[in-house]
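# Structural characterization, general
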Amino acid sequence: MNRVKSDQLFAEALKYIPGGVNSPVRAFRAVGGNPFFVNRASGSKVWDVDGNELIDYVLTWGPAILGHAHPKIIAAVKAAAELGTSFGIPNPHEVTMAKLICELVPSVQKVRMTSSGTEACMSAIRLARGFTKRDKIIKFDGCYHGHVDSLLVRAGSGALTFGHPDSAGIPAAFTSHTIVAPYNDAEAVKAIFAANKNQIAGIIVEPVPGNAGLYLPKPGYLEFLREITAAHGALLIFDEVMTGFRLARGGAQERFGIRPDLSTFGKVIGGGLPVGAFGGRAEIMDCLAPLGPVYQAGTLSGNPVAMAAGLANLQELLDGDAYKKLEERGAQLAAGMRDAAKSAGLPIQFNQCGSMFCGYFTTQPVHNVADAMHSDRERFKQFFHGMLDAGVYLAPSQFESGFLSTAHTPADIEKTVGAAAKVLRTL
Ligand SMILES: *Cc1c(COP(=O)(O)O)cnc(C)c1O
């Protein structure tokens, strides 16, 4: 595949942007080679600057659940932009958005918008601490909650890929109230609560972790987290930045029937514009300024153009059979990929939940990040490049979830599975 123009742009980018990218996981460090540059996307496809067409399973890391450049989102953005790109004064879209989120996610009674998932998680943690008047937070190994100082501990893909799980520049004191537990291990969480009586403000968890590949909660595990937090007066925070409005209308919490105290959102909620949100029980949310003592703010929070894009995205998801389609496409891809690996005689754990998926090259089931580390990453690298050459773009790291959109057709998936069968036979 000819990538001359991409390589030229990357050489130029390296001169002016650290590592040539504005977010490290885009840099192909985990798989080798140079990232390509894209200047157009539509539906399930992206086109790079050299004119190559790719079926995209990264989907701008989750937001493009209707596929790229959905006409209704484009129209909504244009219409909103004509009227002004930002007011810093309340606008009607904010109310529509908040009401819609509260209707769709039963655990959310009030919600506040931010400009990224990172901000949403940072604010939710501050709020949990302010509400409970406690400092300690439990997070899980391999879960990513944005690049928040206190949460950047054993934080999944980016960190795993680069081999230093903690970032430089974060004083040890900033993470001293963060306790890390292995995911899907109830005993570990029980032991932490026993050792930290009346000190745990809350647990923050990706209900279906998608930042170290993808693995699912074991039956009863999310229920256990709900019960133990309630029993200890701690808050349960679901980070649904990835799963929200994707795994069901009401996110993973609807799919698994759990009511967290607080939830964070991002990605799908912005329809491809920079948006995040956090919400939950009114009693907790009312601790935020200007009503309460927990400060939180944002110049562009609730931005009219971003709200219009997000609303168009959510509205389109609600009309029609989007979620049924996403489930069917996910099942088709999983079945096809498992068959392809089997016929190539390669072990694979192909984890899938609705429109999220990850294949690990290992014989053992993957339930947490320790299991994920058993995967053969050399094989993944070869698989990634083989697929890219065949016109299929998977996330450039073993430790990322893949995504499907309603724009992915059965034919796209057949083509993908066919390419995988060929590539896997060469590994
Ligand atoms: C992407 C992500 C974030 C961070 O969101 P940004 O918009 O990139 O700041 C937080 N939590 C989870 C689970 C995510 O997948």
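It should be noted that the structure appears before, not after, this text.
So, here's what we can say about the structure. (Residues numbered from 1 in each chain as written. Predicted model: local features only at pLDDT ≥ 70, side-chain atom pairs only at ≥ 80, totals over all residues. Heavy atoms only, no water.)

This part is about the side chain of S263. Along the polypeptide, S263 turns up in strand β9 (residues 262-265). Exposure remark for S263: the relative accessible area of 0% places this residue in the buried category. Within polar-contact distance, the side chain of S263 engages the side chain of Q253 at 2.9 Å. Look past the residues within four positions of S263 in its chain and what remains in contact with it is S107, V108, F238, Q253, A277, F278 and G279. (Helix = DSSP H or I, 4+ residues; strand = E, 2+ residues; numbered from the N terminus. Buried < 20%, exposed > 50% of the residue type's maximum accessible area, 1.4 Å probe, protein only. Polar contact = N/O pair within 3.5 Å; in protein donor to acceptor, adjacent residues only side chain to side chain. Contact = heavy atoms within 4.5 Å.)

Around the ligand, a shell composed of S116, G117, T118, Y144, H145, G146, E206, N211, D239, V241, M242 and K267 is seen. G117 places a main-chain nitrogen or oxygen 2.8 Å from an oxygen atom of the ligand. Here Y144 contributes a backbone N or O atom positioned 3.2 Å from a nitrogen atom of the ligand. Its free accessible area being 380 Å², the ligand has 83% of it covered by the protein chains. (Near = heavy atom within 4 Å. Areas by Shrake-Rupley, 256 points an atom, 1.4 Å probe, with all protein chains shown as cover.)

Here we come to the pattern of salt bridges. Counted according to the given criterion, the structure contains 14 salt bridges. One salt bridge connects E327 with R255, and the closest N-O pair in it is separated by 2.7 Å. Placement of the pair is E327 in helix α12 (residues 322-344) and R255 in helix α9 (residues 251-256), with a sequence separation of 72 residues. Note that K324 and E328 form a salt bridge whose closest N and O atoms lie 3.4 Å from each other. (Salt bridge = Lys/Arg side-chain N within 4 Å of Asp/Glu carboxyl O.)

Our next topic: the pairing of strand β8 (residues 235-239). Among the 5 residues of β8, 5 are classified as buried, and the element is accordingly described as predominantly covered. By the alternation rule, side chains of β8 split into L235, I237 and D239 and L236 and F238, which are all buried. In this structure, strand β7 (residues 200-205) lies alongside β8, joined through 4 bridges in parallel fashion. Paired with V205 across the bridge in β8 is F238. Crossover connection from β7 via helix α8 (residues 221-231) to parallel β8: handedness right-handed. Judged from the 3 bridges that link them, β8 and β9 form a sheet pairing that is parallel. Its bridge partner being in β9, F238 is matched across the sheet by S263. For the segment spanning β8, α9 and β9, crossover handedness is right-handed. (Pairing = 2+ DSSP bridges. Right-handed = clockwise from strand over helix to strand, strands pointing away.)

Another point: the side chain of S301. Mapped onto the elements of the fold, S301 is located in the loop between α10 (282-285) and α11 (304-318). A distance of 3.4 Å separates the side chain of S301 from the backbone oxygen of M113, its partner in a polar contact. S301 has contacts with E94, M113, T114 and S115, leaving out every residue within four places of it along the chain.

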